[in-house]
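Listed below, chain by chain, are the residues.
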Amino acid sequence: MQESLQRIAAQVKEKFLQEGSGHDWWHIHRVRTTALDLARWEGADLFITELAALLHDIADHKFHGGSLEAGPAAARVLMESEGLPEALIGRVVQIIREVSYKGAGVETPCSSPESACVQDADRLDAIGAIGIARAFAYGGSKGRLLYEPGAPPENHADFEAYRSAQGHTINHFHEKLLLLKDRMQTATGRDMALERHAFMEAFLRQFHAEWGD
Ligand code: ADP
Ligand code: NI
């Protein structure tokens, strides 16, 4: 099974190496590393955590017409092509279903310790210095403004409202990034989020001081 994981990693790397919206191979690599660290602390299954981390963005809804089933389906095809057992495939697919942020008003519970580790690792990569860089990379890839005074953040009550939002990137901090530290699923993830959260707050203070608003 370890060889299957290595072959899947190689395929994911090839597919994502050139991605330019902050969902590139290095994001997946960081999530894999962080998820494994969390899994060791939390006592979660390392193989399932690593496989799910590698496949978590394989067909993200943001790039597949808002479909939340594209990712789980694409992950299933890859795992089936490796002949992995159905029980394992089912567990990994469920983690991928649970990973994405779906709006400030939408809870995203995790049904297993492995899912908690992958969700936390993905969200840790969305905050802190790397998270800031990724937010502006993503905003740029979608043609969004950095900031627009007088356009306040929204508290999206459901996934459809969150998905179709067109706001500037500073709003994304208020609509998602600053909320993540209180939504960590693991104790280790909560600890790791604190420093990254404080760094984003300092960044926003400096940003608004330079802007002068
Ligand atoms: P999720 O599935 O929870 O959205 P991803 O791994 O797909 O997590 O990463 C989402 C990344 O894209 C984050 O770094 C996030 O900041 C960025 N992103 C998503 N939506 C926006 C947006 N509207 N503006 C800026 N960045 C965004
Ligand atoms: Ni991700």
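Residues numbered from 1 in each chain as written. Chains lettered and ligands numbered in written order. Predicted model: local features only at pLDDT ≥ 70, side-chain atom pairs only at ≥ 80, totals over all residues. Heavy atoms only, no water.

Draft legend 1. Layout of the environment of H208. When you line up the elements, H208 lands in helix α10 (residues 187–211). Residue classification places H208 among the partly exposed residues on the basis of a relative accessible area of 21%. With residues up to four places along the chain from it excluded, the contact list for H208 reads Y147, I170 and D213. (Helix = DSSP H or I, 4+ residues; strand = E, 2+ residues; numbered from the N terminus. Buried < 20%, exposed > 50% of the residue type's maximum accessible area, 1.4 Å probe, protein only. Contact = heavy atoms within 4.5 Å.)

Draft legend 2. Quick peek at the packing of aromatic side chains. Using the criterion set out here, one finds nine aromatic pairs in the structure. The interplanar angle of 40° and the centroid separation of 6.0 Å between the aromatic rings of F136 and F173 together place this pair among those described as tilted. In this pair, F136 is assigned in helix α7 (residues 128–141) and F173 in helix α9 (residues 169–175), connecting sequence segments 37 residues apart. With a relative accessible area of 0%, F173 lands in the buried category. Plain terms: the ring middles of F136 and F203 are 6.1 Å apart, the flat faces sit at 65° to each other, and that makes the pair edge-to-face. Placement of F136 in helix α7 and of F203 in helix α10 is noted, with a sequence separation of 67 residues between them. Accessibility expressed as a relative area gives 24% for F203, which makes it partly exposed. Within the aromatic cluster, the residues linked to one another by ring pairs are F136, Y147, F173, F203, F207 and W211. (Phe/Tyr/Trp six-rings, centres within 6.5 Å; stacked < 30°, edge-to-face > 60°.)

Draft legend 3. Just the site of ligand 1, in detail. Around ligand 1 sit 17 residues in total, of which H23, K62, S100, Y101 and D122 are the nearest. Within the contact set of ligand 1, an oxygen atom lies 3.2 Å away from a side-chain nitrogen or oxygen of D60. In this structure, K176 approaches ligand 1 through a side-chain N or O atom, which is 3.3 Å from an oxygen atom. For ligand 1, whose accessible area on its own is 560 Å², the fraction buried by protein is 95%. Counting residues per element, the shell around ligand 1 draws most heavily on α7, at three residues. Classifying every residue of the shell around ligand 1 by side-chain character gives five nonpolar, five polar and seven charged. (Near = heavy atom within 4 Å. Polar contact = N/O pair within 3.5 Å; in protein donor to acceptor, adjacent residues only side chain to side chain. Areas by Shrake-Rupley, 256 points an atom, 1.4 Å probe, with all protein chains shown as cover. Nonpolar A, V, L, I, M, F, W, Y, C, P; charged D, E, K, R; others polar.)

Draft legend 4. How the structure looks around the coordination of the nickel ion (ligand 2). Of the protein atoms, only H27 (NE2), H56 (NE2), D57 (OD) and D122 (OD) coordinate the nickel ion (ligand 2), at distances of 2.1 to 2.3 Å. The motif formed by the donor residues of the nickel ion (ligand 2), counted along the single chain, is H-x28-H-D-x64-D. On the criterion of sequence distance, the pair formed by D57 in the loop between α3 (46–55) and α4 (70–81) and D122 in helix α6 (residues 113–124) is long-range, its members being 65 residues apart. Comparing D57 with D122, the two get one shared label, buried. (Donors = N, O, S within 2.8 Å, 3.2 Å for Na, K, Ca; no water.)

Draft legend 5. Structural view of the side chain of E114. Position of E114 relative to the elements: it lies in helix α6. Side-chain polar atoms of E114 contact the backbone nitrogen of D45, separated by 2.8 Å. Non-local contacts of E114, meaning those with residues more than four positions away in its chain, are made with A44, D45, I48, T49, R91 and I95.

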